[in-house]
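Structural overview
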Amino acid sequence: MWLLVFLVWSLVFTGGTYWYLFGTRSPFSLESVRPKEPIELDQRKRDKVLKKGFSRERIPENLDAIIIGSGLGGLSAAACLAKQGKRVLVLEQHDQAGGCCHTFTEKGFEFDVGLHYLGQLHKNSLLQVAFDQITEGQLEFVTLPQHFDTIHIGLGEERREYSLYTGKTAMEAHLKKQFPDDTEAVEKFFKLMKMCARKTHLLPCLKLIPRWLALFLLKSGIADLYCNIFRLSGTSATTWADQVTSNKDLQVIFSYLFYGKTCMTILAMVNYEWFEEWKDTTVRKRGDDYTEYKMRFANNLFNWACEHFPKLKDKLVYQEVSTPLSNAHYLGAHRGAMYSSEQNLARYDPISMAKNRCDTPIKNLYISGQDVFSCGIAGALHGGLICASIVLGHILYVDLLFIKKKLKRNSVVQALQKMFC
Ligand SMILES: Cc1cc2nc3c(=O)[nH]c(=O)nc-3n(C[C@H](O)[C@H](O)[C@H](O)COP(=O)(O)OP(=O)(O)OC[C@H]3O[C@@H](n4cnc5c(N)ncnc54)[C@H](O)[C@@H]3O)c2cc1C
């Protein structure tokens, strides 16, 4: 009798899982990726797509989904739903689409807002495959030069300078050269990074499987036995770096967050309260006192940058300064937070990750973007993919992994054909 019950349960479970994973048509396919079209540089033509003013008459009928916010997270979710044949409306509070990824032009200079560089975009990586599928192959990234970043630590005579190279092999070898007494720590760091790059996709899975199952796997320790990415996601970079080296400069490099690329961008953390008294003023008309106040920050930061790069001093043509009030206005960010909700360690604890899901207590209201998984371009994209998976009741990651596998197989076949023809 019990055997029969078990067999029926196993059949239902297997059938249900199969249906969940493969029962719906995939919105993705190799064929949907088109050759790259030329980049549209005509601002008027770009604006026709990016700046569509709202009017009631423009709202299509029989909508399946309304996406609030056109950042990378919202647009990724929208693209996945639309590719699955859903009728989708994206609403944006700013006058143009893109969120942190929008660009703006002032006095003839184009500024990008929230993307300077990102990694894991090598051929057939999950991130590259996901971007290709969502944009039908139209998104193009420029490869970073080999020496892509320079890190300065300390001032005056105490100043130390380190350079970073792209590519995991070159980066590791170059760091070892600069830290000859810490080669073992560098090796450990790259081993860890390799594992994280391979296993990070397990973290979104916590949000895709039933919540009770995710919590059971984590609390019972089964998840940790399977892979230590779950334990690591709740460990701070400082704690880890402390364990592998006492070299403070190397610790900084292991946990660094610096930006470079066309315009010079200087990022500094500031408190919302420092600017709060102007919160009710209108953007671009906040008054001379506000402009003077924010320019004090800008000038100090620029002078500081010139200490490191003296040749910049007479190269300054135009300077634009944004504050938490700019983030609040243009991104709808609460109290101007640059990465939306708090990016603290508690948030990345695996139990919190399993609990922080796309679905909400409000029926048919789902969350997407950087608040679901993590900040950053890749984080927001995962937020969009997780959200679309939950809404469609179909795990899009399975489709992406199949495409990735096919692409890898095709590359091997092509390489063999080249060798023998
Ligand atoms: C200065 C800066 C530099 C960065 N550099 C990098 C980098 O080099 N590499 C990297 O990986 N990441 C970087 N990031 C982070 C990355 O850009 C973001 O994490 C990511 O783009 C967030 O995407 P999102 O869709 O979650 O949110 P957002 O891009 O913020 O999109 C949210 C959208 O929702 C809209 N919205 C909000 N409220 C409403 C409402 N009520 N009604 C309608 N619309 C609404 C907003 O206007 C916005 O368009 C940077 C961020 C900043 C700020």
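Each value, and the rule that gives it
Residues numbered from 1 in each chain as written. Predicted model: local features only at pLDDT ≥ 70, side-chain atom pairs only at ≥ 80, totals over all residues. Heavy atoms only, no water. UniProt positions renumbered as here; feature names shortened; annotations may be inferred. Near = heavy atom within 4 Å. Polar contact = N/O pair within 3.5 Å; in protein donor to acceptor, adjacent residues only side chain to side chain. Areas by Shrake-Rupley, 256 points an atom, 1.4 Å probe, with all protein chains shown as cover. Helix = DSSP H or I, 4+ residues; strand = E, 2+ residues; numbered from the N terminus. Disulfide = S-S within 2.5 Å. Buried < 20%, exposed > 50% of the residue type's maximum accessible area, 1.4 Å probe, protein only. Phe/Tyr/Trp six-rings, centres within 6.5 Å; stacked < 30°, edge-to-face > 60°. Lys NZ or Arg CZ within 6 Å of the ring centre and 35° of its normal. Pairing = 2+ DSSP bridges. Salt bridge = Lys/Arg side-chain N within 4 Å of Asp/Glu carboxyl O. Expected span 1.5 Å × (residues − 1). Contact = heavy atoms within 4.5 Å. Axes fitted to C-alpha atoms, helices over the stretch in contact; angles between N-to-C directions. Left-handed = near helix turned anticlockwise from the far one by under 90°. Nonpolar A, V, L, I, M, F, W, Y, C, P; charged D, E, K, R; others polar.

As recorded by an unreviewed UniProt entry, the protein carries the name All-trans-retinol 13,14-reductase and is attributed to Alosa alosa. UniProt annotates the protein under Sequence similarities (unreviewed entry) with the comment "Belongs to the carotenoid/retinoid oxidoreductase family. CrtISO subfamily."

1. So, the site of the ligand
Around the ligand lies a shell of 28 residues, among which Glu92, Cys100, Gly114, Gln370 and Gly376 are the nearest. With respect to the ligand, the backbone of leucine 72 contributes an N or O atom lying 3.0 Å from an oxygen atom. Glycine 99 has a polar backbone atom sitting 3.4 Å from an oxygen atom of the ligand. Relative to its unbound accessible area of 1000 Å², the ligand is 83% covered by the protein chains. Elements supplying a minimum of two residues to the shell around the ligand: α3 (72-83), α14 (324-331) and α17 (377-392).

2. Notes on the state of the cysteines
This structure, assessed with the given rule, holds zero disulfides. Unpaired in this structure, cysteine 358 has its nearest cysteine sulfur neighbour in cysteine 387, at a distance of 4.6 Å. Accessibility expressed as a relative area gives 1% for cysteine 358, which makes it buried. The thiol sulfur of cysteine 375 is not disulfide-bonded, and the nearest other cysteine sulfur, from cysteine 100, lies at 9.6 Å.

3. Things to note about the packing of aromatic side chains
Throughout the structure, instances matching the rule amount to 17 aromatic pairs. Ring centres of phenylalanine 131 and phenylalanine 141 lie 5.7 Å apart, and the angle between their planes is 50 degrees; on these two criteria the pair is classed as tilted. Here phenylalanine 131, found in helix α4 (residues 126-135), pairs with phenylalanine 141, found in the loop between α4 and β5 (147-153); they are ten residues apart in sequence, far enough to count as distant. Plain terms: the ring middles of phenylalanine 189 and phenylalanine 254 are 4.2 Å apart, the flat faces sit at 10 degrees to each other, and that makes the pair stacked. Separated by 65 residues along the polypeptide, phenylalanine 189 in helix α6 (residues 183-199) and phenylalanine 254 in helix α12 (residues 248-254) bring together distant segments of the chain. For the residue pair phenylalanine 189 and phenylalanine 254, the accessibility class agrees, reading buried in each case. Above the face of the tyrosine 290 ring, arginine 286 is positioned so that its terminal group lies 5.7 Å from the ring centre.

4. Things to note about the pairing of strand β4 (residues 109-112)
Alignment of strand β3 (residues 103-106) against β4, held across four bridges, turns out to be antiparallel. Bridged to glutamate 106 within β4 is phenylalanine 109. If you look at the hairpin formed by β3 and β4, you'll find two residues sitting between the two strands, and lysine 107 has a positive phi there, around 45 degrees.

5. Comments concerning the pattern of salt bridges
Summed over all chains, the structure comprises 14 salt bridges. Residue lysine 83 pairs with glutamate 136 through a salt bridge whose shortest N-O separation is 3.2 Å. Separated by 53 residues along the polypeptide, lysine 83 in helix α3 and glutamate 136 in the loop between α4 and β5 bring together distant segments of the chain. One salt bridge in this structure joins aspartate 249 and arginine 160, with 2.9 Å as the shortest N-O distance. On the criterion of sequence distance, the pair formed by aspartate 249 in helix α12 and arginine 160 in strand β6 (residues 160-165) is long-range, its members being 89 residues apart. Given a relative accessible area of 9%, aspartate 249 falls into the buried group. Bridged by salt links that share partners, the residues Arg34, Glu37, Lys83 and Glu136 form one connected network.

6. Section: α3
With twelve residues, α3 ought to run about 16 Å at 1.5 Å a step, and its terminal C-alpha atoms sit 16 Å apart, in line with that. Among the twelve residues that make up α3, nine are buried, leaving the element largely enclosed by the rest of the structure. By the burial criterion, the buried members of α3 are Gly73, Gly74, Ser76, Ala77, Ala78, Ala79, Cys80, Leu81 and Lys83. Along its buried surface, α3 packs onto β1 (65-68), β2 (88-91), α4, α17 and α18 (396-420). Glycine 85 sits one or two residues past α3 and shows a positive phi near 90 degrees.

7. Some details on the UniProt feature "transmembrane region" (unreviewed entry) in the protein
Those residues carrying the UniProt feature "transmembrane region" (unreviewed entry) are residues 380-402 in this numbering. Here residues 380-402 is 87% helix and 0% strand, with 22 Å between the C-alpha atoms at its ends.

8. Things to note about the environment of serine 352
Here serine 352 lies in helix α16 (residues 350-355). Here the alpha-carbon distance between serine 352 and glycine 384, two residues 32 residues apart in the chain, equals 19 Å. Dropping the residues within four chain positions of it, serine 352 is found in contact with Ala346 and Arg347. From its side chain, serine 352 meets the backbone oxygen of alanine 346 in a polar contact 2.9 Å long.

9. Quick notes on the packing of α3 against α17
At a closest axis distance of 7 Å, the pairing of α3 and α17 adopts a crossing angle of 40 degrees. When you trace α3 past α17, the crossing you get is right-handed. Facing Leu72, Gly73, Ser76, Ala77, Cys80 and Leu81 of α3, the residues of α17 in contact are Ile377, Ala380, Leu381, Gly384, Leu385, Ala388, Val391 and Leu392. Of the residues in the contact of α3 with α17, the class split is eleven nonpolar, three polar and no charged.

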